[in-house]
Amino acid sequence: MSGREEWQSIAAEADPDEVRERIFTGYKQGKPFTPYVPTIALPPAIEWVLDFGCGVGRNFPYLKSIARQVAGFDLEPMIQRCRELAPEQIDLLSSDWEEVSRRRFDLVFASLVLQHVDRDDCRRYLEDFARMAPATYVITRLQSDFGANVLGLVAESGLFEVRECAEVEHDSEKNELRQVGGRSFDEVSRATGNLHYEVLLIPKPRI
Ligand SMILES: C[S@@+](CC[C@H](N)C(=O)[O-])C[C@H]1O[C@@H](n2cnc3c(N)ncnc32)[C@H](O)[C@@H]1O
């Protein structure tokens, strides 16, 4: 089982700590279930941010600190768990992509999500992000559960200029992200390694 069905079954786990562990590996060994603050610069003055694949709201406290309004989208069962487990209330929580994708945001924030999305859905979501917001932040494991290089799919889409690209890892002493490498987006989007990367994507102007 992988993809949507796997995440729907994770969301149905009775034990909230099991849900948190599946979202954030290492939680049960003491890794705090707290937001990762990006190491790359995000746009200033954000009115609306969309937490795409918000899980149970681990990143809400950080997003509320950088945006006036926060929306969260995820699969329906995860949205139900989010309503129960999120550390903070936000302005909109929805599993209706048709509706959410018609809205406009200042930033789409996709944390550890695209690595779990199949190629076709990932391509469709990227097209939507390019329409929905002037900037999209992605933190992802490089290789997806479906054998695709996630940043390769971004490159192939031709939709974005990549403003920033950083190789990152979890700093277990400080419990935060730290940058570890300086490989270019071009190199990484063709690489077979499986580290984590942050990118800031700016939609190219449409002709
Ligand atoms: C590893 S968790 C990350 C959750 C949250 N962004 C965080 O950083 O704590 C992956 C999330 O992606 C969501 N997800 C998986 N497949 C998805 C899809 N096709 N569309 C939207 N969300 C999806 C899961 O339900 C889950 O909440």
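Provided above is the structure to which this section pertains.
All values derive from a computational prediction rather than experimental measurement.

1. With respect to the packing of aromatic side chains
Under the criterion given, the structure shown has 14 aromatic pairs. What links up through ring pairs into an aromatic cluster is the set Phe52, Phe73, Trp97, Tyr125 and Phe129. Of note, Arg58 hangs over the ring of Phe24, and the distance from its end group to the ring centre comes to 4.1 Å. The ring of Tyr36 has Arg58 sitting right over it, with the charged end atom 5.2 Å from the ring centre.

2. Some details on the packing of helix H2 (residues 16-23) against helix H4 (residues 76-85)
H4 packs onto H2 with a crossing angle of 115° between their chain directions and a minimal axis gap of 12 Å. When you trace H2 past H4, the crossing you get is left-handed. Seen from H2, the contacting residues are Pro16, Val19, Arg20 and Ile23; seen from H4, they are Met78, Arg81 and Leu85. The residue inventory of the contact of H2 with H4, partitioned by class, reads five nonpolar, no polar and two charged.

3. A few points about unusual backbone geometry
Phi angles above zero are rare outside glycine, and Ala45 is one such case at about 55°. Inspection of the secondary structure assignment puts Ala45 in the loop between H2 and strand S1 (46-52). One non-glycine residue, Leu112, lies in the positive phi region at around 60°. Examined against the element boundaries, Leu112 turns out to sit in the loop between strand S4 (107-111) and helix H6 (119-132). Overall, Leu112 belongs to the buried group, its relative accessible area being 18%.

Cut-offs applied
Within every chain, residues take consecutive numbers counted from 1 along the sequence as written. Residue-level local features of this predicted model are given only where pLDDT is at least 70; pairs of side-chain atoms are given and counted only at 80 or more, and the full residue set underlies all totals for whole chains, interfaces and linings. Side-chain numbers come from the whole structure's heavy atoms, not from hydrogens or water. In this scheme Phe, Tyr and Trp rings, the latter by its six-membered ring, pair at centre separations within 6.5 Å, and the angle between planes marks the pair as stacked below 30 degrees, edge-to-face above 60, and tilted otherwise. By definition, being over a ring means that NZ of Lys or CZ of Arg is both within 6 Å of the ring centre and within 35 degrees of the ring normal. For helices, the fitted axis covers only the stretch in contact; all axes are lines through C-alpha atoms, and the angles between them, taken along N-to-C directions, range from 0 to 180 degrees. Put simply, DSSP marks the helices as runs of H or I at least four residues long and the strands as runs of E at least two long, and each gets a number from the N terminus on. Crossings are sorted by hand: turned counterclockwise from the far helix by less than a right angle, the near helix makes the crossing left-handed, and turned clockwise it makes it right-handed. Whether two residues are in contact is decided by their heavy atoms: any pair within 4.5 Å suffices. Following the grouping adopted for this structure description, the nonpolar residues are Ala, Val, Leu, Ile, Met, Phe, Trp, Tyr, Cys and Pro, the charged ones are Asp, Glu, Lys and Arg, and the polar ones are all others, Gly among them. Each residue gets one of three labels from its accessible area relative to the maximum for its type: buried under 20%, exposed over 50%, partly exposed in between, using a 1.4 Å probe on protein chains only.

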